[in-house]
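Geometric and topological summary
Listed below, chain by chain, are the residues.
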Amino acid sequence: MPLTNKQNKYLRGLAHDLKPVVMIGNNGVTEGVLSELEDRLAHHELIKVRISGVDRDERQQMAEKLCEASNSELVTTIGHIAVLYRKGKKPEIKLPA
């Protein structure tokens, strides 16, 4: 489900005060990272991921790969931080229409 501009803006506002809960280092996207990502998304719905050690294009590709692997939506990327959203089984975040 692609996010609308209004929903994207709303989620960016919610994510502002969040701390990164998943960190990606020099090893890139590994099975352990994907497992941790699944757990965090299931628990929080909206998370920040820190992607370190690569240039801008590679960070964007990693963020897109994470979204594809976890069936989530990329809300935004700022510097080394990517914000991901996936609707939970019992959604806690009420998105605007």
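As a starting point, this report considers the structure included with it. (Residues numbered from 1 in each chain as written. Predicted model: local features only at pLDDT ≥ 70, side-chain atom pairs only at ≥ 80, totals over all residues. Heavy atoms only, no water.)

What follows covers the pattern of salt bridges. Scanning all chains against the criterion turns up 2 salt bridges. For E38, the salt bridge identified is with R86, shortest N-O distance 3.0 Å. Here E38, found in helix α2 (residues 31-44), pairs with R86, found in the segment after β4 (81-85); they are 48 residues apart in sequence, far enough to count as distant. (Salt bridge = Lys/Arg side-chain N within 4 Å of Asp/Glu carboxyl O. Helix = DSSP H or I, 4+ residues; strand = E, 2+ residues; numbered from the N terminus.)

Looking now at helix α1 (residues 5-15). Every buried residue of α1 is listed here: Q7, N8, L11 and A15. End-on view of α1: buried residues confined to an arc of 100 degrees, all on one side of the axis. Away from its buried face, by an angle of more than 90 degrees, α1 presents the exposed residues N5, K6, K9 and G13. Residues of α1 that are buried make contact with β2 (46-51), β3 (73-78) and β4. (Buried < 20%, exposed > 50% of the residue type's maximum accessible area, 1.4 Å probe, protein only. Arc of directions from axis to C-beta. Contact = heavy atoms within 4.5 Å.)

Function cannot be inferred from these measures alone, as they are strictly geometric.
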